[in-house]
2 protein chains.
Amino acid sequence: MTTATALGTRDRLIRTASRLMQHGGYENTPIKQLVKEAQATMGSLYHFFPGGKQELAVAAIAYGDEEFAHMLTSGLAAYRDPAEAVEALAVLLADALEASDWLDGCPVTTTALESVGRMPELQAACATAFAHWRELLAAKLAAGGLAGEDARELALTVLNTLEGAETAAQVDRSRAPLVIAGRHLARLVSTYSAPRT
Amino acid sequence: MTTATALGTRDRLIRTASRLMQHGGYENTPIKQLVKEAQATMGSLYHFFPGGKQELAVAAIAYGDEEFAHMLTSGLAAYRDPAEAVEALAVLLADALEASDWLDGCPVTTTALESVGRMPELQAACATAFAHWRELLAAKLAAGGLAGEDARELALTVLNTLEGAETAAQVDRSRAPLVIAGRHLARLVSTYSAPRT
């Protein structure tokens, strides 16, 4: 096995696990289905992840973390004004969710909820992802002129609101929760922003 | 078997399912553990719920719906002003979550996310619960003087923000996401309210 092939299998396992966990959570992801869809073997799974499914899940959460961070960064970059940027981000999430027939929700949330009090390493990986996304949001808000503490606190609420709205959008098969959340978040952020000139 | 005993067993199954699903979701709730903790038998489970675990889960979601609706109604009744009521509700949720060592989160969200695109009846029960809670919130906001459409849209965002903040609070084992969300939601609601006199 060449190094390139080895990396390929590891990446396929991680990406497949991330997608399956995004669609149904950790418990809904049977290891055999995962290995099959990744075109891998149980042997290669345990070669790359001696801790098995849970160790792979930690890597998959880290992958989902980076993937969503990329979407967040490019989405927020579209507008200079933080309120407008947050509203556009919510629409972007609604677009992606609708295009996936409401399946491509947050790659972390379902697994995060399943992990609480049960799987500490997985819970920690989920906490790290949320913290990373908050940092990106806080940086955007601070760059738009908000005070550091306001930016950090608003980043927390912006992310949590979008997460909750995404769940509602999936369950209701509707863009409305995200689109309305975006409008409300823009309004909230605007109450902190310096007056627009 | 008397009617009282029969009702007792059915209720115990529903309450146990609701609690286990609140703590880990539908997939994390093994049917054997559920029956054991409910002090029931597999026979009584299938007697009351011929559709098995999934039919019981639908009843458990309806139970969690009513339980949280009760908390929501009494929490919101504490303050006449809708902004203050929403902020107090967030603190109430933080109190309950912390008191349960961060386990007693939303009785619906984890199962809702697991059900999307997989278990339509369960997904519908979760959608019904969310819609019920939004109605209660919208009624409070409208009673506080907000226009009907504003109240309905804000109710959607208030619930989604609290849901997302509750997830973050559980994962981070911290009151901060909920307490901060409550403060931000009060601020948002206040921008719609008539000026306080």
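This one's a predicted model, so the numbers in the text were calculated from it and none came from an experiment. Just so you know, the residues in each chain are numbered from 1, in the order the chain's sequence is written. By the order in which they are written, chains take letters starting at A while ligands take numbers starting at 1. pLDDT decides what is reported in this predicted model: residues at 70 or higher carry local features, side-chain atom pairs at 80 or more are listed and counted, and totals for whole chains, interfaces and linings draw on all residues regardless. Side-chain figures throughout are based on the complete set of non-hydrogen atoms in the structure, without hydrogens or water.

A. Inspection of the overall build of chain A at higher detail. Strands are runs of DSSP state E lasting at least 2 residues, helices are runs of H or I lasting at least 4, and numbering of each runs from the N terminus. Broken down by element type, chain A carries 9 helices and 0 strands. Walking chain A from its N terminus toward its C terminus, one meets helices and strands in the order α-α-α-α-α-α-α-α-α. Atoms counted for the radius of gyration: C-alpha only. Globule rule: 2.2 Å times the number of residues to the power 0.38. Taken against the 2.2 N^0.38 rule, which gives 16 Å for 197 residues, the C-alpha radius of gyration of chain A at 18 Å falls within 12% of a compact globule. The principal-axis extents of the C-alpha atoms in chain A amount to approximately 60 × 35 × 35 Å. Taking all 197 residues of chain A together, the buried fraction comes to 55%. Only heavy atoms matter for contacts: two residues are in contact if any of them lie within 4.5 Å across the pair. Across chain A, contacts joining residues at least 24 apart in sequence account for 69% of those joining residues at least 6 apart. Only protein chains enter the accessibility calculation, which uses a 1.4 Å probe; a residue is then buried when its area is under 20% of its type maximum, exposed when over 50%, and partly exposed in between.

B. Quick look at the packing of helix α8 (residues 148–172) of chain A against helix α9 (residues 176–190) of chain A. All names here are of chain A. Inter-axis angles, ranging from 0 to 180 degrees, are taken between N-to-C directions of lines fitted to C-alpha atoms, where helices are fitted over the stretch in contact. Their axes nearest at 8 Å, the elements α8 and α9 cross at an angle of 165°. The orientation of α8 relative to α9 falls into the category roughly antiparallel. Considering only the axes of α8 and α9, their crossing is right-handed. Residue-level contacts link L154, T157, V158, T161, L162, A165, E166, A168 and A169 of α8 to P177, L178, A181, L185, L188 and V189 of α9. Amino acids are sorted into nonpolar (Ala, Val, Leu, Ile, Met, Phe, Trp, Tyr, Cys and Pro), charged (Asp, Glu, Lys and Arg) and polar (every other residue, Gly among them). Considered class by class, the residues forming the contact of α8 with α9 number 12 nonpolar, 2 polar and 1 charged. With respect to orientation, any angle under 35 degrees is reported as roughly parallel, any angle over 145 as roughly antiparallel, any angle of 65 to 115 as roughly perpendicular, and every other angle as oblique. Note: crossing handedness is left-handed where the near helix turns anticlockwise from the far helix by less than a right angle, and right-handed where it turns clockwise.

C. Spatial organisation of the interface of chain B and chain A. On the chain A side, the residues contacting the 44 residues of chain B number 44 residues. Buried area: the sum, over both parts, of the accessible surface (1.4 Å probe) that disappears when the two are put together. Summed over the three residues of chain B that lose the most area to chain A, namely L113, V171 and H184 of chain B, the buried surface amounts to 17% of that side. A carboxyl oxygen of Asp or Glu within 4 Å of a side-chain nitrogen of Lys or Arg is what we treat as a salt bridge. Summed over the shared surface of chain B and chain A, the result is 4 salt bridges. In this structure, the salt-bridge partner of E153 of chain A is R183 of chain B, at a minimum N-O distance of 2.6 Å. Identification of polar contacts relies on pairs of N or O atoms within 3.5 Å, with a donor-acceptor requirement for protein atoms, meaning one able to donate a hydrogen and the other able to accept it, and with residues adjacent in sequence counted only if both atoms are side-chain atoms. Here chain B and chain A share 15 residue pairs in polar contact (both at pLDDT 80 or more) between them. When contributions to the side of chain B that touches chain A are tallied by element, the ones reaching two or more residues are α1 (3–24), α6 (109–115), α7 (120–143), α8 (148–172) and α9 (176–190) of chain B. If you tally residues by element for the side of chain B that touches chain A, the top one is α8 of chain B, at 13 residues. Considering only residue class, the side of chain B that touches chain A consists of 20 nonpolar, 15 polar and 9 charged.

D. Quick look at the relation of the copies chain B and chain A. Of the transformation superimposing chain B on chain A, the axial component is 0.0 Å and the angular component is 180°, with the fit at an RMSD of 0.0 Å. With respect to symmetry, the two chain copies, as superposed, fit the operation of a two-fold axis. Copy-to-copy alignment: least squares on C-alpha atoms, limited to residues at pLDDT 70 or above in both.

E. Fine view of the confidence of the model for chain A. In this model, chain A carries an average pLDDT of 94, and 94% of its residues clear a pLDDT of 70 or more. If you check the scores for this complex, the pTM reads 0.94 and the ipTM reads 0.94. Residue-level confidence of the predictor, termed pLDDT, takes values from 0 up to 100.

F. Highlighting the state of the cysteines. The definition used for a disulfide is geometric: two cysteine sulfur atoms within 2.5 Å. According to the stated counting rule, one finds 0 disulfides over all chains in the structure shown. Between C106 of chain A, a free cysteine, and C126 of chain A, which holds the nearest cysteine sulfur, the sulfur-to-sulfur gap is 8.5 Å.

G. A look at the pattern of salt bridges. All chains considered together, the criterion is met by 14 salt bridges over all chains. With its nearest N and O atoms 2.9 Å apart, the salt bridge here joins R175 of chain B to D95 of chain B. Separated by 80 residues along the polypeptide, R175 of chain B in the loop between α8 and α9 and D95 of chain B in helix α5 (residues 82–99) bring together distant segments of the chain. For R175 of chain B, a relative accessible area of 26% translates into the label partly exposed. Residue D101 of chain B pairs with R173 of chain B through a salt bridge whose shortest N-O separation is 2.8 Å. Placement of the pair is D101 of chain B in the loop between α5 and α6 and R173 of chain B in the loop between α8 and α9, with a sequence separation of 72 residues. With relative accessibility at 44%, the residue R173 of chain B sits in the partly exposed group. Residues participating in the shared-partner salt-bridge network are D95, E98 and R175 of chain A.

H. Region of the structure containing the packing of aromatic side chains. For Phe, Tyr and Trp, where Trp contributes only its six-membered ring, two rings pair if their centres lie within 6.5 Å, and the inter-plane angle classes them as stacked under 30 degrees, edge-to-face over 60, or tilted in between. Enumeration according to the criterion identifies 4 aromatic pairs over all chains in this entry. An angle of 70° between the planes, with centres 4.6 Å apart, marks the rings of F68 of chain A and W133 of chain A as edge-to-face. Taken as a pair, F68 of chain A in helix α4 (residues 53–77) and W133 of chain A in helix α7 (residues 120–143) lie far apart in primary sequence, 65 residues in all. No difference in accessibility class separates F68 of chain A from W133 of chain A, as the two residues are buried. Only when the NZ atom of a Lys or the CZ atom of an Arg is both within 6 Å of the ring centre and within 35 degrees of the ring normal do we say a charge sits over the ring. The ring of Y192 of chain B has R187 of chain A lying over it, and the distance from NZ or CZ to the ring centre is 3.6 Å. The ring of Y26 of chain B is capped by K53 of chain B, whose NZ or CZ atom sits 4.2 Å from the centre of that ring.

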